[in-house]
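What follows is each chain in one-letter form.
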Amino acid sequence: MHNRELHDLHDLDELLADGETLTVARISTYLAARRVATANWFGPTGRAERSTWIDRDGTGWRVWDTDERAGIMDFTTLRTESETEALRSFLLRARYHLNQERNAVRGNF
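Residues numbered from 1 in each chain as written. Predicted model: local features only at pLDDT ≥ 70, side-chain atom pairs only at ≥ 80, totals over all residues. Heavy atoms only, no water.

A.B. asks: Before we go on, may I ask you to explain the packing of helix α2 (residues 24-33) against helix α3 (residues 83-103) in this structure?
C.D. replies: Geometry of a packed helix pair, given as the angle between the helix axes and the separation of the axes. The N-to-C vectors of α2 and α3 enclose an angle of 25 degrees; their axes lie 11 Å apart at closest approach. Here α2 is positioned roughly parallel relative to α3, judged by the angle of their axes. Along the contact surface, α2 presents Val-24, Ile-27 and Leu-31, while α3 presents Glu-83, Leu-87, Phe-90 and Leu-91. Its residues assigned to classes, the contact of α2 with α3 shows 6 nonpolar, no polar and 1 charged. (Axes fitted to C-alpha atoms, helices over the stretch in contact; angles between N-to-C directions. Helix = DSSP H or I, 4+ residues; strand = E, 2+ residues; numbered from the N terminus. Parallel < 35°, antiparallel > 145°, perpendicular 65-115°, else oblique. Contact = heavy atoms within 4.5 Å. Nonpolar A, V, L, I, M, F, W, Y, C, P; charged D, E, K, R; others polar.)

A.B. asks: Is there a simple way to explain the sheet that holds strand β2 (residues 52-57) in this structure?
C.D. replies: Paired through backbone hydrogen bonds, the strands of a sheet run either parallel or antiparallel to each other. In space, the 4 strands of this open sheet follow the order β1-β2-β3-β4, with mixed pairing throughout. The open sheet has two free edges, formed respectively by β1 (39-41) and β4 (78-80), since each of these has just one partner strand. Between one strand and the next, the sheet's axes are offset by a mean angle of 20 degrees, whatever the strand orientation. Note that β2 and strand β3 (residues 60-65) share 6 bridges and pair antiparallel. Bridge pairing in β3 links Trp-53 to Trp-64. Sheet strands touched by α2: β1 and β3. Its angle to β1, the strand with the most contacts, is close to 125 degrees. Helix-sheet contacts for α3 involve β1, β2, β3 and β4, and the interaxial angle to β3 is about 10 degrees. (Pairing = 2+ DSSP bridges.)

Structure representation (structure tokens):
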């Protein structure tokens, strides 16, 4: 994992650990300052594969993950009316995907 990705993990941990309520404005500011490859914020702002996405779904929220081929993994989709629940899920999932990269074994075959 590159130093930038380690920095992103640390920053996501701090954001999630902060006692303040997560809001769209707060996360927008965070993501504007840091590009997190595994986070797609209301559209394709990160990479398409092995990442998490968030969007509004009518009056609620939808959060989902993609696989290594950028296909939506339906069983991971969260639909909720709670902004806080959706935002927390989005950040936790983005962090999970970054952490998976850190622990991935890559070989030269």
